[in-house]
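# Notes for the structure review
Given next are the chains, with one letter for each unit.
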Amino acid sequence: MRSVLIVPTYNEATNIEKFLTQVRTDAPDTDILVVDDNSPDQTARIAETLAAKLGSIKVLNRTSQRGYAAASRDAMLKAIESRYEVIATMDADFSHDPKVLTKLISLVDSETALVIGSRYVPGGGVTNWSLFRRVLSKWGNLYTAFCLRLKIKDCTSGFRAYSAASLKNIDLANLTADGYAFLSEMAFVISRKKLGSIVESPIVYVDRAFGESKMNTRIMRESMVLVTRWGFALRTGSGRKYLPR
Ligand SMILES: Nc1nc2c(ncn2[C@@H]2O[C@H](COP(=O)(O)OP(=O)(O)OP(=O)(O)O)[C@@H](O)[C@H]2O)c(=O)[nH]1
Ligand SMILES: [Mg+2]
């Protein structure tokens with residue numbers, strides 16, 4: 001199946017060259033779409049230079065308001081338009097191992113809408129994370145799965161492969177999350193619309209060695225607020241307008 005890897009980037013100049021080179025080696029049959037939000041550190045320019053050198057890499061440089069969710073959605077729409085059949089996503093900071101990418105992609109089939117690289121299934125894990133990040137991620141995931149009635153252990157992992165056929169049924173332009181809540185929102189919509197099964201495959205997440213994290217309290221708060229709101233809307237029947245479509 002024709003596959004593309006979407007890589008959202010913001011100020012990843014210290015990682016992008018090594019990252020793209022590694023993915024090209026480990027997943028030679030998968031095209032790459034870097035979606036950058038006009039990073040001041042010139043990530044997009046470096047990616048464009050590498051695209052010319054390595055091939056099968058496109059760079060989408062966004063100049064509108066920055067955001068992980070909006071960048072991912074724009075890239076997904078572009079990937080659907082380009083008729084890819086599998087659309088994977090991955091961080092540029094080596095927290096996700098490029099060697100695992102082809103496995104996640106290979107697990108997408110006509111029954112499977114989403115394959116999640118999961119830290120919380122047997123064989124998965126996290127290394128080098130502070131106790132605070134571990135607790136936040138683990139409890140955040142338990143809370144999200146409870147609120148959204150998802151049987152998923154890792155709703156917030158950004159290492160994924162989607163079937164494009166499933167994504168076509170989602171109104172991507174009208175989703176609500178700005179930050180990483182987008183990841184829970186996508187799993188929630190796929191489950192609610194019964195677009196196919198959601199499968200978890202183990203990954204070991206490694207904390208970034210270079211560059212800065214874009215995680216902040218606004219993004220954490222957004223996740224908490226949206227997940228809680230969707231959970232209430234699911235249970236009360238009222239407030240249906242809050243449910244993503
Ligand atoms: N285009 C775009 N990409 C973003 C934005 N924010 C984060 N990213 C990218 O999304 C990926 C994940 O962001 P990180 O900052 O690594 O967030 P994180 O993995 O939750 O945090 P750490 O584990 O601390 O690194 C990275 O490739 C970032 O460069 C954004 O606003 N726009
Ligand atoms: Mg990261």
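Before reading further, recall that the structure is shown in the block above.
Keep in mind the model is a prediction, meaning the values are calculated, not measured.

Cut-offs and rules
Residues numbered from 1 in each chain as written. Chains lettered and ligands numbered in written order. Predicted model: local features only at pLDDT ≥ 70, side-chain atom pairs only at ≥ 80, totals over all residues. Heavy atoms only, no water. Helix = DSSP H or I, 4+ residues; strand = E, 2+ residues; numbered from the N terminus. Rg over C-alpha atoms; globule rule 2.2 N^0.38 Å. Buried < 20%, exposed > 50% of the residue type's maximum accessible area, 1.4 Å probe, protein only. Lys, Arg positive; Asp, Glu negative; His and termini not counted. Charge placed at Lys NZ, Arg CZ, Asp CG, Glu CD. Near = heavy atom within 4 Å. Polar contact = N/O pair within 3.5 Å; in protein donor to acceptor, adjacent residues only side chain to side chain. Areas by Shrake-Rupley, 256 points an atom, 1.4 Å probe, with all protein chains shown as cover. Core = buried A, V, L, I, M, F, W, Y, C linked by side-chain atoms within 4.5 Å. Contact = heavy atoms within 4.5 Å. Phe/Tyr/Trp six-rings, centres within 6.5 Å; stacked < 30°, edge-to-face > 60°. Lys NZ or Arg CZ within 6 Å of the ring centre and 35° of its normal. Pairing = 2+ DSSP bridges. Expected span 1.5 Å × (residues − 1). Arc of directions from axis to C-beta.

Along the protein, the regular secondary structure elements total 8 helices and 9 strands. A compact globule built from 245 residues would reach a C-alpha radius of gyration of about 18 Å, and the protein, at 17 Å, matches this within 12%. On the principal axes, the C-alpha backbone points of the protein span a range of 55 × 40 × 40 Å. Counting across all 245 residues of the protein, residues that qualify as buried make up 50%. Of the side-chain charges in the protein, 34 are positive and 25 negative, and the distance between the mean point of each set is 7 Å.

A separate point is the site of ligand 1. Around ligand 1, the surrounding shell holds 21 residues, and the nearest of these are Glu12, Asp93, Tyr205, Ser213 and Lys214. The contact in question runs from an oxygen atom of ligand 1 to an N or O atom on the backbone of alanine 92, over 3.0 Å. Between arginine 208 and ligand 1, the recorded distance is 2.8 Å, taken from a side-chain N or O atom to an oxygen atom. When isolated, ligand 1 has an accessible area of 640 Å², and the protein chains bury 96% of it.

Even without being a glycine, glutamine 42 presents a positive backbone phi close to 70 degrees. Within the element layout of this structure, glutamine 42 appears in the loop between strand S2 (31-36) and helix H2 (43-54). In this structure, lysine 194 takes a positive phi of about 50 degrees despite not being glycine.

Bringing the nonpolar core into the picture now. Counting 42 residues, the largest nonpolar core has Met76, Ile87, Leu167, Ile170, Phe182 and Met186 as the members making the most contacts within it. The dominant element in this core, judged by the number of residues it contributes, is helix H7 (residues 181-192), at 8 residues. Among all residues touching leucine 167, those that are not within four sequence positions of it are Met76, Ile80, Ile87, Tyr162 and Met186. Within the second largest apolar cluster, 25 residues are counted, among which are Val7, Val34, Ala92 and Ile203.

Looking now at the packing of aromatic side chains. Inspection of the entire model under this criterion finds 5 aromatic pairs. Seen from their ring centres, phenylalanine 19 and phenylalanine 94 are 5.7 Å apart, and the 75 degrees between their planes marks the pair as edge-to-face. Of this pair, phenylalanine 19 sits in helix H1 (residues 16-26) while phenylalanine 94 sits in the loop between strand S4 (86-89) and helix H4 (101-106); the two residues are 75 residues apart in sequence, bridging distant segments of the chain. The class of phenylalanine 94 is partly exposed, set by a relative accessible area of 23%. Grouping aromatic residues by their ring pairs yields a cluster made of Tyr68, Tyr180 and Phe182. Above the ring of tyrosine 10, the side-chain terminus of arginine 66 is found at 3.7 Å from the ring centroid. The ring of tyrosine 205 is capped by arginine 119, whose NZ or CZ atom sits 5.2 Å from the centre of that ring.

Across the two faces of strand S7 (residues 160-163) the burial is the same, with Arg160 and Tyr162 and Ala161 and Ser163 all buried. Alignment of S4 against S7, held across 4 bridges, turns out to be antiparallel. Paired with threonine 89 across the two strands is arginine 160, which belongs to S7. Inspection of the sheet shows strand S5 (residues 112-118) paired to S7 by 3 bridges, in the antiparallel sense. Bridging from a neighbouring strand, valine 115 pairs with alanine 161 of S7.

The first and last C-alpha atoms of helix H8 (residues 217-236) sit 28 Å apart over 20 residues, in line with the 28 Å expected at 1.5 Å per residue. Within the sequence span of H8, burial applies to Ile219, Glu222, Ser223, Leu226, Val227, Trp230, Gly231 and Ala233. Around the axis of H8, the buried residues are gathered within 165 degrees of arc, so they sit on the same side. Along H8, exposed side chains directed more than 90 degrees from the buried face belong to Thr217, Arg221 and Phe232. Structurally, H8 contributes buried residues whose contacts are with helix H5 (131-148) and H7.

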